[in-house]
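Chains, contacts and geometry: an overview
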Amino acid sequence: MTTAGPSSASPPGAPLADIEAEAARLISAFATRGLAVRLVGGLAVARHRHRDVPATLRRTYGDIDLVIHPKEGKAFKSAMVDLGYAPNVRFNNMRGDRRMLFTDEPNARKLDVFVGGFQMCHSMDLAGRLSLHPETLSPADLLLTKLQIVEVNRKDLTDALTILLTHEVAPSDVRGADPDHVSSDRLIDVTSGDWGWYTTVTDNLARLPELAAELLPEPEATVVTDRARGIADTLSAAPKSLKWRARNTVGRRMTWYDLPDEIGGPIDAQP
């Protein structure tokens, strides 16, 4: 009879050292508890790519970002403790109606939680959209979270490239439709009523062809470039609200975005 040596595995209920495996563990645990929790950020893009991508698009991840339904906050906080996370009590008490922070202490990782919506440079309501995909935000919503960053960095543009490379663009944006495409209807809905959203998204779409040419071989670079330019043309041609047109008369003379809070940091911030 042999005696097993000490195990290197995490204790039951403890966060896993591998961040992608840990994200999968969390999503499975929330689903078991009946909670509508969805991944957002780089790990969501990684989990939603559904195919191999060139090595130039792969990257490491510093933390886990989630979106929860506002009515499930109490149950979510209880689940997080059960799953081995320590709450940032002061921050959560002050800001918990919009955002919460937790820490995976053994792995020195932050978990950032958006409550009911996404608020960074621009804001969008997500409470009614968490059922569109079982694990992540929909591809269109993921793309918007990347393209809404005014001081966008290479990492976020690379994630946007990954979404456009691995997803076709099609109008439909309803539960039960093919969930594996970027909904142009959703992109129009967000940007045609808000000049600020439109401006930041189209600014960043215009940056993608150059990066695609740098990071992707043909024909992938052309696929992404055509999709980015096609989306920009679609957004430009879409009817705009009266509010959008009024704001357009002011243009860039007035700031059209917010800067992310220093507390909690921007989405996907590295520790």
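Small disclaimer: the values here were computed from a predicted structure and weren't measured. (Residues numbered from 1 in each chain as written. Predicted model: local features only at pLDDT ≥ 70, side-chain atom pairs only at ≥ 80, totals over all residues. Heavy atoms only, no water.)

On to the overall build of the protein, then. Assigned secondary structure in the protein consists of eleven helices and nine strands. Look at the contacts in the protein between residues 6 or more apart in sequence, and 70% of them connect residues 24 or more apart. Accessible area of the protein: about 13000 Å², with a carbon and sulfur share of 53%. (Helix = DSSP H or I, 4+ residues; strand = E, 2+ residues; numbered from the N terminus. Contact = heavy atoms within 4.5 Å. Areas by Shrake-Rupley, 256 points an atom, 1.4 Å probe, with all protein chains shown as cover.)

Turning our attention to the packing of helix α6 (residues 154–166) against helix α9 (residues 208–215). Interhelical geometry of α6 versus α9 gives an angle of 80 degrees and a closest axis separation of 10 Å. With respect to α9, the axis of α6 lies roughly perpendicular. Here α6 contributes R154, L157, T158, A160, L161 and L164 to the contact with α9, which in turn contributes L208, L211, A212, E214 and L215. In terms of residue class, the contact of α6 with α9 is built from eight nonpolar, one polar and two charged. (Axes fitted to C-alpha atoms, helices over the stretch in contact; angles between N-to-C directions. Parallel < 35°, antiparallel > 145°, perpendicular 65-115°, else oblique. Nonpolar A, V, L, I, M, F, W, Y, C, P; charged D, E, K, R; others polar.)

Note that L216 resides in the loop between α9 and α10 (220–237). Between the C-alpha atom of L216 and that of L57, which follows or precedes it by 159 residues, the distance is 8.3 Å. Those residues in contact with L216 that sit more than four places away from it in its chain are P54, L57, L165, A221 and V224.

What follows covers the sheet that holds strand β4 (residues 99–104). Taken in spatial order, the five strands line up as β1-β2-β5-β4-β3 in an open sheet, and their pairing is mixed. At either end of the open sheet lies a strand with only one pairing partner, and these are β1 (38–40) and β3 (86–87). Strands β1, β2 (64–68) and β5 (109–115) of the sheet are contacted by helix α1 (residues 19–32), whose axis makes an angle of about 20 degrees with β2. (Pairing = 2+ DSSP bridges.)

Counted under the stated rule, the structure contains 15 salt bridges. Of the charged contacts in the structure, one is a salt bridge between D63 and K110, with a shortest N-O distance of 3.3 Å. Of this pair, D63 sits in the loop between α2 (42–47) and β2 while K110 sits in strand β5, and the two are 47 residues apart along the sequence. Its salt-bridge partner being D203, residue R252 comes within 2.9 Å of it at the nearest N-O pair. Placement of the pair is R252 in the segment after α11 (242–250) and D203 in helix α8 (residues 195–205), with a sequence separation of 49 residues. Each of R59, K146, D156 and D159 takes part in a single network of salt bridges with overlapping partners. (Salt bridge = Lys/Arg side-chain N within 4 Å of Asp/Glu carboxyl O.)

Attention shifts here to the pairing of β2. When you tally the buried positions in β2, you get five out of five residues, the bulk of the element. A two-sided burial pattern is seen for β2, the buried positions comprising I64, L66 and I68 on one face and D65 and V67 on the other. (Buried < 20%, exposed > 50% of the residue type's maximum accessible area, 1.4 Å probe, protein only.)

A few words now on the layout of surface pockets. Looking at the second largest pocket, its volume works out to about 190 Å³. Every residue lining the second largest pocket is counted, 14 residues in all, and those nearest its centre are H122, D194, G196, W197 and W256. Going through the elements one at a time, α8 and α11 are the ones with two or more residues in the lining of the second largest pocket. Considering only residue class, the lining of the second largest pocket consists of six nonpolar, four polar and four charged. (1 Å grid on protein atoms, 1.4 Å probe; cavity = no way out; pocket = protein on both sides within 12 Å on 5 of 7 lines; lining within 4 Å. Points joined across faces, edges and corners; volume = space filled by probe spheres on them.)

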